[in-house]
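Chains, contacts and geometry: an overview
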Amino acid sequence: MRTFDIVIIGSGIAGGFLARQLRLACPDLGVLVLEAAEAMEDYKVGESTVEVAANYMVRRLNLGTYLYQHQLPKNGLRFFFDSPDKDLPLPRMSEIGSDHMPFHPSFQLERARLERDLVTMNRAAGAEVELGAKVVDVAIDGRGRHTVVYEQGGERREVACRWVCDASGRRHVLFRKLGVKVHKEARLNTAAAWGRYRGVAGLDAVTDAAWRSRARYTSRHLSTNHFMYDGYWIWFIPLAGDLMSVGVVFDKDRIGAGNAPAGALPGPRTRAEFERFLGAHRAARELLEGAELEDFQSYAHLPYHAEQYFSTDRYAVTGEAGAFTDPFYSPGSDFIATANEFITQMILSDVRGDRAGFEEKVAAYDAYYRFKYDSTLRLYERMYPVFGSFELYRLKYLLDFNNYYNLVVWPFMADRVTDVGWIREELRFTDLVLRALSTMGEHFASLASDLRARGEYFAQNEGRFANGLNGVAQLETRLGPAIDERFRREQVDRAYGSVFAALVERRLGEQGLSDRARLVSELPLPQVLVFRDITPERLARLLQRIGERMTKELRDELPDAGIERIELGASGVVSVTGPVEGTKAHADALSRARALWDASAGSLAHIAL
């Protein structure tokens with residue numbers, strides 16, 4: 001019986017990346033990859049990567065040259081918003097996107113080509129990769145060697161190994177053999193249908209001069225392009241060569257269900273339904289004119305999770321073999337990068353004989369990965385009713401994009417993600433983070449419902465442009481190997497305060513409220529969590545507290561003015577009690593109070609997006 005240090009089940013990007021990382025980190029490790037497919041030709045969804053995965057591929061896997069030579073660079077995320085009748089031409093749709101390439105690279109992957117190339121690269125690096133090798137049995141021995149049985153070419157083969165890593169995707173080979181339950185997620189009820197088209201002209205073929213110039217002629221084609229609707233979204237993702245990945249992800253509780261918005265189409269489940277669905281949207285229909293659908297796939301349900309991902313019995317899962325949330329924001333490859341980083345560190349500690357360090361890492365990494373799943377799931381849990389409104393989603397994206405760069409990308413780039421001490425500190429704030437995600441999700445969903453009732457949900461869906469990159473410009477020079485924890489906390493408070501103040505302003509109709517420094521400074525994340533209901537009474541109490549602080553400051557600044565009270569009212573009204581009206585003392589106090597109240601917060605919601 002042949003013996004290896006690690007057997008990896010599956011040679012998709014999760015398994016292929018893991019094999020490459022292990023061979024680069026420790027060339028002495030014996031790595032066997034068992035792939036059931038005879039050839040790496042299967043079209044797979046998951047082409048779009050974001051910053052964590054890109055950093056992992058470039059920095060950890062040394063694939064930068066390969067990616068730029070054989071795949072496509074990505075021009076960030078881009079979102080388009082339509083009329084209720086889905087009839088706006090593309091140049092008239094409101095848009096969130098960039099007018100230049102993002103400062104951190106990411107890529108669009110033609111998965112079949114990448115996975116074929118990974119087989120070649122991994123073999124050249126010394127890993128054994130067996131194609132047409134279907135794993136039929138796994139026996140885990142926590143005290144000795146594991147046994148993996150596979151069939152290949154009509155023969156049954158058996159190997160022994162110290163580690164088994166499952167990267168088999170939704171087949172869940174290892175969990176099925178071990179009897180580990182994979183839970184269908186009930187909190188998010190989404191499904192997807194997708195295919196590849198050949199002959200799509202692409203967004204850059206649109207010749208409208210004003211529309212092209214507002215993005216400074218940067219390539220929209222290279223973006224992950226989202227067409228946003230109430231309860232669903234449509235993606236257009238370019239692939240190397242003459243291919244375009246097009247898909248629909250929909251909330252089954254909103255599309256085609258009893259509570260679906262008026263005029264909503266049922267979510268597509270078959271190839272014919274998929275083509276009809278796309279054809280009902282003018283922008284998608286015009287982009288696909290003359291194109292040919294090459295293939296079609298669908299998933300009836302997207303999110304699922306397990307209760308454990310890494311074990312001291314020396315087995316682990318990566319990628320979709322363990323969990324999946326939702327393709328929006330393209331987090332799948334980020335999960336792969338995180339899991340593979342964890343698995344590599346656990347294996348290195350184990351083979352070095354550091355039992356205490358190994359057990360410590362397994363416990364910390366498994367807890368963090370479960371938290372990563374839960375926090376990502378809560379990010380999406382109430383998003384789908386918000387998607388169709390430019391006004392609402394602009395704020396949601398602003399918050400999510402800041403938090404991603406600050407709380408996810410930065411620690412990954414600084415190699416904190418595998419630091420057990422850092423993970424333990426992060427896990428102390430698990431409840432706070434989950435509460436923040438749920439609370440903000442509730443506020444957005446509630447405002448979406450309110451705007452629908454007012455007939456204002458689609459009010460800003462035509463003719464507007466928001467440059468989303470400007471919302472993270474303050475992080476551009478900060479991201480790197482050194483983490484500034486104080487700055488990170490300040491950015492969290494600034495993002496939540498800015499966005500929550502804008503939600504309060506819109507919900508209560510208080511124009512000009514959300515860029516007041518005094519208000520935003522009173523809304524750090526802990527205070528936002530206390531502010532569960534957006535009502536005039538809650539706002540009045542907040543304004544009273546701010547007025548009391550301003551009263552104290554002005555008494556110290558103008559001790560002879562006789563100031564008794566500063567009051568802040570609706571629509572920016574400021575009043576001063578104490579000095580006699582008409583006197584210089586009153587005029588000076590009122591002028592100063594107004595200046596303090598009118599001072600700009602530099603709110604992220606008001607920067608030139």
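Below is a short write-up of the structure. (Residues numbered from 1 in each chain as written. Predicted model: local features only at pLDDT ≥ 70, side-chain atom pairs only at ≥ 80, totals over all residues. Heavy atoms only, no water.)

Glancing now at the overall build of the protein chain. Across its full length, the protein chain carries 18 helices and 22 strands. A compact globule built from 609 residues would reach a C-alpha radius of gyration of about 25 Å, and the protein chain, at 27 Å, matches this within 12%. Seen through its principal axes, the protein chain has C-alpha atoms that stretch 100 × 60 × 45 Å. Counting only residues that meet the buried cut, the protein chain has 58% of its 609 residues in that class. If you take every contact in the protein chain between residues at least 6 apart in sequence, the share linking residues at least 24 apart comes to 75%. As displayed, the protein chain offers around 24,000 Å² of accessible surface, 47% of which is attributable to carbon and sulfur atoms. Between the mean site of the 77 positive side-chain charges and the mean site of the 83 negative ones, the protein chain shows a separation of 1 Å. (Helix = DSSP H or I, 4+ residues; strand = E, 2+ residues; numbered from the N terminus. Rg over C-alpha atoms; globule rule 2.2 N^0.38 Å. Buried < 20%, exposed > 50% of the residue type's maximum accessible area, 1.4 Å probe, protein only. Contact = heavy atoms within 4.5 Å. Areas by Shrake-Rupley, 256 points an atom, 1.4 Å probe, with all protein chains shown as cover. Lys, Arg positive; Asp, Glu negative; His and termini not counted. Charge placed at Lys NZ, Arg CZ, Asp CG, Glu CD.)

A separate point is the packing of aromatic side chains. What the rule picks out here adds up to 40 aromatic pairs. Plain terms: the ring middles of Phe 227 and Phe 236 are 5.5 Å apart, the flat faces sit at 70° to each other, and that makes the pair edge-to-face. Residue Phe 236 is classed as buried on the basis of its relative accessible area, which comes to 0%. The ring of Tyr 457 carries the charged tip of Arg 452 above its face, separated from the ring centre by 4.7 Å. (Phe/Tyr/Trp six-rings, centres within 6.5 Å; stacked < 30°, edge-to-face > 60°. Lys NZ or Arg CZ within 6 Å of the ring centre and 35° of its normal.)

The biggest cluster of nonpolar side chains holds 124 residues, and the ones touching the most others in it are Ile 8, Phe 17, Phe 79, Phe 310, Phe 328, Tyr 329 and Tyr 393. Broken down by element, this core gets its largest block of residues, 11 residues, from helix 10 (residues 355–381). Sequence-distant contacts of Phe 17, defined by excluding residues within four places in its chain, comprise Gly 12, Tyr 56, Met 57, Leu 61, Leu 63, Leu 114, Leu 118, Ile 336 and Asn 340. Leu 392, Leu 451, Leu 542 and Ile 546 belong to the second-largest nonpolar core, a separate cluster that totals 49 residues. (Core = buried A, V, L, I, M, F, W, Y, C linked by side-chain atoms within 4.5 Å.)

Our next topic: the sheet that holds strand 20 (residues 465–467). Pairing in this open sheet of eight strands is mixed, and the strands run 16-12-15-14-13-4-5-20 from one edge to the other. Only two strands of the sheet have a single neighbouring strand rather than two, namely strand 16 (292–299) and strand 20. For this sheet the average axis-to-axis angle between neighbouring strands, irrespective of direction, equals 15°. Across three bridges, the pairing between strand 5 (residues 94–97) and strand 20 is parallel. Looking at strand 20, one finds that Gly 97 is bridged to Asn 467. (Pairing = 2+ DSSP bridges. Axes fitted to C-alpha atoms, helices over the stretch in contact; angles between N-to-C directions.)

Turning our eyes to something else, we now look at the pattern of salt bridges. Under the criterion given, the structure shown has 49 salt bridges. The residue Asp 450 makes a salt bridge to Arg 454 at a minimum N-O spacing of 2.6 Å. With a gap of four residues between them, Asp 450 and Arg 454 both fall in helix 13 (residues 430–454), about one helical turn apart. Counted as one network, the salt bridges with shared partners bring together Glu 391, Asp 450, Arg 454, Glu 456, Arg 506 and Arg 507. (Salt bridge = Lys/Arg side-chain N within 4 Å of Asp/Glu carboxyl O.)

In this section: helix 11 (residues 390–413). Along its length, helix 11 shows its largest kink, about 30°, at Tyr 404. The element helix 11 is extensively covered by neighbouring structure, given that 22 of its 24 residues are classed as buried. (Bend = angle between axes of the 7 residues up to and from the residue.)

Our focus in this paragraph is the environment of Ala 540. Tracing the backbone through its elements, the reader meets Ala 540 in helix 17 (residues 536–557). Sequence separation between Ala 540 and Lys 252 is 288 residues, and the spatial gap between their C-alpha atoms is 39 Å.

The next thing to look at is unusual backbone geometry. Here Lys 86, not a glycine, exhibits a phi torsion of approximately 60°, which is positive. Here Lys 86 shows up in the loop between strand 4 (77–81) and strand 5. A positive phi angle, close to 60°, is found at Tyr 217, a residue other than glycine. For Tyr 217, a relative accessible area of 54% corresponds to the exposed category.

Contact geometry of helix 1 (residues 13–25) with helix 9 (residues 332–351) gives a least axis separation of 10 Å together with a crossing angle of 40°. On the basis of the axis angle, helix 1 is oblique to helix 9. Seen from above, helix 1 lies across helix 9 with right-handed handedness. Here Ile 13, Ala 14, Phe 17, Leu 18, Gln 21, Leu 22 and Ala 25 of helix 1 come into contact with helix 9, specifically with Ile 336, Asn 340, Glu 341, Ile 343, Thr 344, Ile 347 and Leu 348. Its residues assigned to classes, the contact of helix 1 with helix 9 shows 10 nonpolar, three polar and one charged. (Parallel < 35°, antiparallel > 145°, perpendicular 65-115°, else oblique. Left-handed = near helix turned anticlockwise from the far one by under 90°. Nonpolar A, V, L, I, M, F, W, Y, C, P; charged D, E, K, R; others polar.)

Assignment of secondary structure puts Arg 220 in the loop between helix 6 (209–214) and strand 13 (224–229). Within the local environment of Arg 220, its side chain forms a polar contact with the backbone oxygen of Trp 211, the two atoms lying 2.8 Å apart. Excluding residues that lie within four positions of it along the chain, Arg 220 makes contacts with Arg 78, Phe 80, Glu 95, Leu 203, Asp 204, Trp 211, Arg 212, Arg 214, Ala 215 and Asn 225. (Polar contact = N/O pair within 3.5 Å; in protein donor to acceptor, adjacent residues only side chain to side chain.)

So, on to the environment of Ser 11. With respect to the helices, strands and loops of the structure, Ser 11 is situated in the loop between strand 1 (2–9) and helix 1. Of the residues examined, Ser 11 reaches a relative accessible area of 1% and is grouped as buried. Along the chain, Ser 11 and Thr 325 lie 314 residues apart, while their C-alpha atoms are 21 Å from each other.

Next up on the list: the packing of helix 2 (residues 51–60) against helix 9. Where helix 2 meets helix 9, the closest approach of the two axes is 7 Å, and the angle between their N-to-C directions is 50°. Taken together, the axes of helix 2 and helix 9 are oblique relative to one another. Taken together, the residues of helix 9 that come into contact with helix 2 (itself represented by Val 52, Ala 53, Tyr 56 and Arg 60) are Ser 333, Asp 334, Ala 337, Asn 340 and Glu 341. For the contact of helix 2 with helix 9, the per-class residue count stands at four nonpolar, two polar and three charged.

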